[in-house]
Structures are given as C-alpha cells and as structure tokens.
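Here's the letter readout for the chains.
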Amino acid sequence: MLMRQKGLVKVTLAINSVSSKDPKRVTKRSKEASPRLADPHRTREARKYANPIPSREFILETLTQAGVPLVFEELRQLLELDGEEDRIALERRLGAMVRDGQLVRNRKDAFCLVNRRDLIVGRVIGHQDGFGFLIPDEGGDDVYLVPRQMRALFHNDRAVVRVTGRDARGRLEGAVVEILARNTRTVVGRFYREGGVGFVVPDNKRLAHDIIIPSDRLGEVEQGQIVVAEITDQPTKRTQPIGRILEVVGNHMAPGMETDIAIRTHDLPVEFPEAVLAEIAGLGAEVPEAAKAGRVDLRKIPLVTIDGADARDFDDAVFCQRRPKGWRLLVCIADVSAYVAPGSALDTEAHGRGNSVYFPDRVIPMLPEILSNGLCSINPEVDRLCLSCELLVGLDGKVTRSKFYPAVMRSQARLTYDQVAAMLVDGDPDLCARFATVLPHLRELHALYQVLLQARKERGAIEFDTTETRFEFTDQGRIAAIHPLIRNDAHRIIEECMLAANVAAARYFERQKMPALFRIHETPKEEKLNDLRQFLNELGLTLPGGKKPTTQDYAALLESVRERPDQRLIQTVLLRSMQQAMYSSDNVGHFGLAYPAYTHFTSPIRRYPDLIVHRAIKHLLDGGKAEDFDYTKTALQGIGEHCSGTERRADEATRDAESWLKCEYMQDKLGEEFDGTITSVNSFGIFVELDGIYVDGLVHITALDNDYYHFDPIGHRLTGERTGTVHRLGDRLRIQVAAVNLDERKIDFVLAKSTEQARSGSGSRPRRRKT
C-alpha cells in the first residue's frame, strides 16, 4: 500500500479480486424512485439531449454507493437503462469518462472510480531524450517516467500511473498502469530510408519514437521529404510504432513549409467538417432584418474599429463621449452567440479549436470565413449584431456604472493604430480632415485613456517592456526581414477599453453569483519567490510582501529599477517568477493586472471562452439564473482547461513556425558578427538575442573561454572556475554565427574574437556590476 499527499487516496488494490459478477449487488438499490428521476442533473441533461441518460455526476455517485467495480451490465441495470438507444448512449458516456480519467476499466472489464484507488490520472509530457512526466489532472507534483516506462507512450497521451517511489533527485517516480487515450494518430516529420528500412523522424522533438514505415506503405515518397505518417500500430514496451505514409507535404525548403509542418505537428484543424458547412450554407453576407428586432439601435452612434493595418477580422468597436462627471464609453463586440448555437456542429468545432491561430503567413480561424470575416466581423458601413458593454467612467478613472445589452450597430470607420496615433499625437492634418466626423470622439478616447492609465498605475498593475516582431516576406514567400512592432498610444487606448469591458463582465458575474469562465493569474509560487529574493539580495534589492507579495510590490520594484543598466535583467527574472494565466471557473483574480475578477469578453470571433462569456451574459439578460444555465461550474472548468490547452497549442505552433523562419533568415549569415543580450543562462550554455532582428541562438558552454564553468541558477550566471569570467542574464555580448540547423530549429553562436579579447584582458576577477 502506497501513501501520498494530494491526488492519492488510501485504498486496497486487492479490490480487483472482488468478483464483479455477483448479481446480489444489483438488487441493493431501492426501487422507490427511478434513477432518471433521482439524478439531480436530469433537467440539464434533458436540455442538452433529445434522449437523456444519467449524468456523469450521477454515474459516479452510483459507483460510489456500490462500493466495488461494476461491469457494464450491472451498471446499466442499476441505472435502469433498457432500450438499445440508452445502451449505446451509456457506452459512449462511459467511454468518454474513461478517456477523461474519471473512470478506469480493470482487468475484468469492470468500471472503477479512479479517485478511490492508489493511482494518478494525467497527461504525458515527453522529452526528446526519452524520459517523460505525467502531469496530474488534479494538480500536485508531476510524476517522472523513466525511458523504459515511456516506450509504450507518446507525448500527450493520457495515462494512469502508480507512484513507485522517488528518484535520486527526489522526484516522484511512476509506473504506467493503463493508457487511457492515445492522442497521437498522425505524425509529421522527415522521411528517410537506411539499409532498406523506411522511417519517419518526427518534427516534434517531444516524440522520441521514429515511426517505422513498411515497404508496402511508402507510396511515392522520396528521401528527405516532409510527410505525414498515420500511426497504424501504437508503440508498446517491446516494439516501435508502425505507420504508413498518409501525405507528402512537400520538399524540405519549400516556401510556407514552416507553417504546413506546424499545423500538422500540433494537429491543428484546418478544414471545416461537412456538418459545419451544411449549418452555415444558408447564411448570407448581410444581417437579416428579423435578427435586428428587439435590439438597441446604435447605428447612429459613430462607433469605429481600431486595429492593425494587416488585420482581417474586426470583433470590437468603440465610442467615447464626454459627460459632466467623466465619460460614457461603449465597447461593442460582435455577437457571435447569435450565430453559433450551443450543441450545434459549429459550436462543437469551435470548442475543439478553442481559438484562432495566427501564423506569420496565414490564419487558422476558429469560425468559418463567412462568420469570422463576414457576419461577425465589424466591417465599416454595414449593419452588424453586437453585444454592447456601456460604461460610465469617472474623472478618477473608476467605472461607476456598467450595463450590457444586445444591439445592432454600424461602424463609421475602419481605422489603424498608426492612423489614430498620427491624428491624436502628431496632429496629421490630412488624416484629421479625412476622419473629421469621428475625430472628436477619438480625442475623448485619448483623454479617457490618460485617466485609465493613471488608475492602472495607482492599482499597481505590472508593466513589462517586451518586444513583438513581424515577418516581412518576398513575393516568392521567402523571409525578407524581421521588424519589431512598435506600440503607440492607439494600441494602449484599445487595450484599456478592452480591459475595462472584461472587468465589467467579470464583476457582473460576481454580482449575479453566476458560474462563468474567468481569466485567472495566480500569485507566484513560494519556491519561485524564494529564488527571486535570493537573486534580488545579490543586487541589493528587496521584494516586500513576505510569502504573498502583491502586484503593487512587483510594480514598485520594477519602477525603482527603471533607470538601472541591469533593468532588463531584473525584469526578466521577475517575469519568470510568475505563473501562467489560464481559464478557470474558480475566480482567484488576476495577479498581473491587479484585478480581483477578470474574464475575456472582447474576442468571441477568435476565442471560445469569450463566446461562453457572451452566452452567460445573455442568459442573465434574459432573466435566467445560475441554476438553469446550460453549463455547470464543473462543465465550465472542463471548457477552461481545454481552452487553456488549445491556447498553449497555438502558442507552441506559432513559436515553431517563427523559429523555423528565424533559422531560414540566418542561413546566409554564417560567419557574420552581431551584438546581442544574454536572455537565458543554463548549465549547458547561454542564449543570446541579437539586436534589431530579435533572433535567439545558443553559445554552448564548450564554445566559451578555456575554463570550467559553474552554473548558478539563482544568480542566472555561468562563472569560470579559473578566470572568474562571468556570463550573466542581461549581459551584452558580441557573437559570431557558427551554425544553423533548420530541422532542429537551432542556431549556434560563438563569441566573437573582440569579445574574447576583451574578456581575456579584463583579468581573472569577475566584472563589477553597477548597483
């Protein structure tokens, strides 16, 4: 028997030895009431399904009361499901519950409650060196899986593991009990043939298995081409995965290949299913008159959209009007919920995608183009349905009143950030004349922004100075240049308007005690804080707040080092001490923005959580209550976790494509020298970001000066044992491009001779840093 903290319960594993064929167990339930009537969630199930069966919650309760595993027939009899349709529906629901880790099937094919056994359910994270980790669904410590345990697993599979102990580094170590779900059906990679054996090397380095391709499943593939292989035989403890060539994507260096690979590697859905196309077949280019009925008419209000010059979908419009005690702000968001019904094929597909994915050369939309670029895109001079958030903001930047209502609007202008900044900051006469009808309201937006910005500073929201990049392509689709994106006041105006609307939505839910999806950002973990404080102590700095520093503590520290030469170093370490934002049905606030309640309301075209938020708001506006909402808190949590996952998937996919493009851009620059900044320090070397082009590369520890280097993870530095030379996060270096590996997405640097000479001439002592 194994005991463990969170995620494990003390049980007897001998439970599987109890017979699951004992008919007496089935007769123990009272017949006073039908299980269908006893299910507390039957009303919700009836709204969602034409032929409802007992809910997941009730099935779990039934198994809990039984006290032992039950085979399908026993469970069916207890739930009094007799018809063939009920039988099929129950099979599907139980299969889904097994897939989601709520149940496990034992060797006797009986269903067991996972949280009643000494087991942990979670998702497998693979590593290119062959080992992996299980990330528990219920939180807690990750479980280390040695390469032998990973032989039968792919990255992203779902599994049940048993904790076997701790390894030499103190990490929980586990053994695989059951594989719940295989999540790798296809693999994109490069095809090779060696010694008469064909195989595919996955592009995703978390997939440590090469895929064997039998000779009769090769098709017309050629050596070195990028292919998609279908997995026909999953890996086992004794055999490698076997597959067949499903698609030849193209040659290795073809234009756009980086995005094609990323789409397939991360299994991003591109084409919409036939059922979705059938649902949208009747939609036209214009909003039907009947759909406008019963909505507030905002078509005479001079609302405008403000976006990037290359934006294709416009999901928000704004208007600002001066009032005696402040401003009236309208934030109007495309009413996607008017076109996407819960449970429809369109809704199912949008949920599966989770969000749109923005690559440097194309967009993979969450919704079909007729909606994302048509009916739900707030294009100028056309009627559009919207959900409006109306805010009254005081002279101190505080929202004094807010309300939501469905409306119909007509955008008066499609403006870009640069145009708005040119009018408001530079006073461009031509643009001011061209947009004279909306210019007064833009000026009020700018005035409102100033007070919102001041309120943001007083609130203590954290302001990190980061740089995003934009790729420029040639007519042939090759990368021509990498440009930094410069933020101006117009970007910040829209950002503050969207933040205000998001907060208003979250507060609305809190007031109404409505279950909803919140965008949360938890406080930093204690371990990260301890490391951060040790680092700051070396610089003579402190972070107040003890175990629970506030956002204001972080913001004050950032402001205090604004003029220091090592400001970027300190900012980077502060940023890395913080957790990742995510979606959750439990509101714990947003640490970085210093909001007690925050959600995403403003982008339902491209984010599924925003669509759920719109549905919740409209449910309340229609007089609904929390109890009769289509989504329970548990269901919302599931949606939040799923969408947090699709958000990470999109980030990883776009990062892969961008890394490829940066490697491609650097291929013809071998031997050239650049100045840069150390952005990361590891035991194996330092990563340097080049000035102006924002490309990262590795100076491997073996390419540093002749010395033995010691890695200090707290101080984020490598220190030479003999020379005392220090390479620290934030240091400036001059490097030379040594190698570029497109397949590995890696760029190798070496120190330029001028850097080596400067360091060798500086003596054996570490450099003094300014404080």
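Note that this is a predicted model, so its numbers are computed, not measured.

Comments concerning the packing of helix α14 (residues 439-459) against helix α15 (residues 489-512)
Packed helix pairs are specified by the crossing angle of their axes together with the interaxial distance, meaning the distance between the axes. Between α14 and α15, the shortest axis-to-axis distance is 9 Å and the interhelical angle comes to 70°. Between α14 and α15, the crossing angle belongs to the class labelled roughly perpendicular. Along this stretch, α14 crosses α15, giving a crossing that reads as left-handed. The residues of α15 that touch α14, namely those facing Leu 445, His 446, Tyr 449, Gln 450, Leu 452 and Arg 456, are Asp 489, Arg 492, Ile 493, Glu 495, Glu 496, Cys 497 and Leu 499.

Re a positive patch on the surface
On the surface, Arg 148, Arg 151, Lys 237 and Arg 238 cluster together into a patch of positive charge. Its location among the elements puts Arg 148 in helix α6 (residues 147-150).

Some words on the layout of surface pockets
The computed volume of the second largest pocket comes to approximately 410 Å³. Around the second largest pocket sit 21 residues that line it, and Gly 397, Lys 398, Val 399, Arg 507 and Tyr 595 are the ones nearest its centre. Going through the elements one at a time, β20 (399-410), α14 and α15 are the ones with two or more residues in the lining of the second largest pocket. With 7 residues, α15 is the largest single contributor of residues to the lining of the second largest pocket. Class assignment for the residues of the lining of the second largest pocket results in 10 nonpolar, 3 polar and 8 charged.

Section: the pattern of salt bridges
Considering all chains together, one arrives at 48 salt bridges under this definition. Of the charged contacts, one joins Asp 335 and Lys 618 as a salt bridge, the two residues approaching to 3.0 Å between their closest N and O atoms. In this pair, Asp 335 is assigned in the loop between β16 (326-334) and α10 (345-353) and Lys 618 in helix α19 (residues 608-621), connecting sequence segments 283 residues apart. Grouping residues by exposure puts Asp 335 and Lys 618 together as buried. The network of salt bridges with shared partners includes Glu 289, Lys 292, Asp 297, Arg 299, Glu 381, Asp 383 and Arg 410.

Looking at the pairing of strand β26 (residues 673-682)
The element β26 is largely enclosed, with a buried count of 7 among its 10 residues. In this structure, β26 lies alongside strand β32 (residues 732-741), joined through 5 bridges in antiparallel fashion. Following the sheet pairing, Phe 674 is matched in β32 by Ile 735. Of the strand pairs in this sheet, β26 and strand β27 (residues 685-690) are connected by 6 bridges, and their pairing is antiparallel. In the strand pairing of β27, Gly 676 is matched with Leu 690. Linking β26 back to β27 in an antiparallel pair, the connection comprises 2 residues.

Side note on helix α12 (residues 417-424)
Owing to its 3.6 residues per turn, the α-helix aligns residues three or four sequence positions apart on the same side. Counting buried residues in α12 gives 7 out of 8 residues, a clear majority hidden from the surface. Listing the buried residues of α12 in full gives Tyr 417, Gln 419, Val 420, Ala 421, Ala 422, Met 423 and Leu 424. In the core, the buried residues of α12 are packed alongside β14 (304-307), β21 (413-416), α13 (429-434), α14 and α15.

Notes on helix α16 (residues 526-538)
Here α16 spans 19 Å end to end across 13 residues, near enough to the 18 Å set by a 1.5 Å rise per residue. The complete set of buried residues in α16 reads Leu 529, Leu 532, Arg 533, Phe 535 and Leu 536. Projection of α16 onto a plane perpendicular to its axis shows the buried side chains occupying an angular sector of 160°, all on one side. Across from the buried face of α16, at angles greater than 90 degrees, the exposed residues are Glu 527 and Asn 537. Against the buried residues of α16 lie α17 (551-560), α18 (567-576) and β31 (726-728). Looking one or two residues beyond α16, the residue adopting positive phi is Gly 540, at roughly 75°.

Some thoughts on the sheet that holds β31
Strand pairs in the sheet, formed through backbone hydrogen bonds, run parallel or antiparallel to each other. One open sheet holds the 3 strands; their spatial order is β29-β30-β31, and the pairing between them is antiparallel. Two strands bound the open sheet, and with one partner strand each, they are β29 (709-712) and β31. Geometrically, the sheet is characterised by an average inter-axis angle of 15° between neighbouring strands, direction not taken into account. Relative to β31, strand β30 (residues 717-720) runs antiparallel, the two sharing 3 bridges. By the bridge assignment for β31, Arg 717 is matched with Arg 728.

Notes on the sheet that holds strand β28 (residues 696-700)
With respect to topology, 5 strands assemble into a closed barrel ordered β26-β27-β28-β33-β32, the strand pairing being mixed. Between one strand axis and the next, the sheet turns through 50° on average, direction left out of account. As paired elements, β32 and strand β33 (residues 746-751) share 6 bridges and run antiparallel to each other. What sits directly across from Ala 739, in β33, is Asp 748.

Focus on the nonpolar core
Within the largest apolar cluster, 95 residues are counted, with the highest numbers of intra-cluster contacts made by Leu 442 and Phe 601. Of the residues forming this core, the biggest block, 12 residues, is contributed by α15. If near-sequence neighbours (up to four positions away) are discounted, Phe 601 is found in contact with Ile 333, Leu 387, Cys 389, Phe 404, Ala 501, Asn 502, Ala 505, Asp 610, Val 613, His 614 and Ile 617. One finds Val 188, Leu 539, Leu 704 and Ile 735 within the second-largest nonpolar core, a separate group that totals 53 residues.

Comments concerning the confidence of the model for the chain
For the chain, the mean per-residue pLDDT works out to 88, and 92% of the residues sit at or above 70. At the low end of the mean pLDDT range in the chain sits helix α1 (residues 35-38), at 60; at the high end sits α19, at 98. Confidence over residues 1-33 falls short of pLDDT 50; this stretch has 64 contacts with residues more than four positions distant or in other chains. Within the model, pLDDT remains below 50 along residues 761-771, and this stretch shows 20 contacts once partners closer than five positions in the same chain are excluded.

Parameters and conventions
Residues numbered from 1 in each chain as written. Predicted model: local features only at pLDDT ≥ 70, side-chain atom pairs only at ≥ 80, totals over all residues. Heavy atoms only, no water. Axes fitted to C-alpha atoms, helices over the stretch in contact; angles between N-to-C directions. Helix = DSSP H or I, 4+ residues; strand = E, 2+ residues; numbered from the N terminus. Parallel < 35°, antiparallel > 145°, perpendicular 65-115°, else oblique. Left-handed = near helix turned anticlockwise from the far one by under 90°. Contact = heavy atoms within 4.5 Å. Patch = residues over 30% accessible without salt bridge, like charges linked within 9 Å, V, L, I, M, F, W, Y side chains within 5 Å. Areas by Shrake-Rupley, 256 points an atom, 1.4 Å probe, with all protein chains shown as cover. Salt bridge = Lys/Arg side-chain N within 4 Å of Asp/Glu carboxyl O. Lys, Arg positive; Asp, Glu negative; His and termini not counted. Charge placed at Lys NZ, Arg CZ, Asp CG, Glu CD. 1 Å grid on protein atoms, 1.4 Å probe; cavity = no way out; pocket = protein on both sides within 12 Å on 5 of 7 lines; lining within 4 Å. Points joined across faces, edges and corners; volume = space filled by probe spheres on them. Nonpolar A, V, L, I, M, F, W, Y, C, P; charged D, E, K, R; others polar. Buried < 20%, exposed > 50% of the residue type's maximum accessible area, 1.4 Å probe, protein only. Pairing = 2+ DSSP bridges. Expected span 1.5 Å × (residues − 1). Arc of directions from axis to C-beta. Core = buried A, V, L, I, M, F, W, Y, C linked by side-chain atoms within 4.5 Å. pLDDT = per-residue confidence, 0-100.

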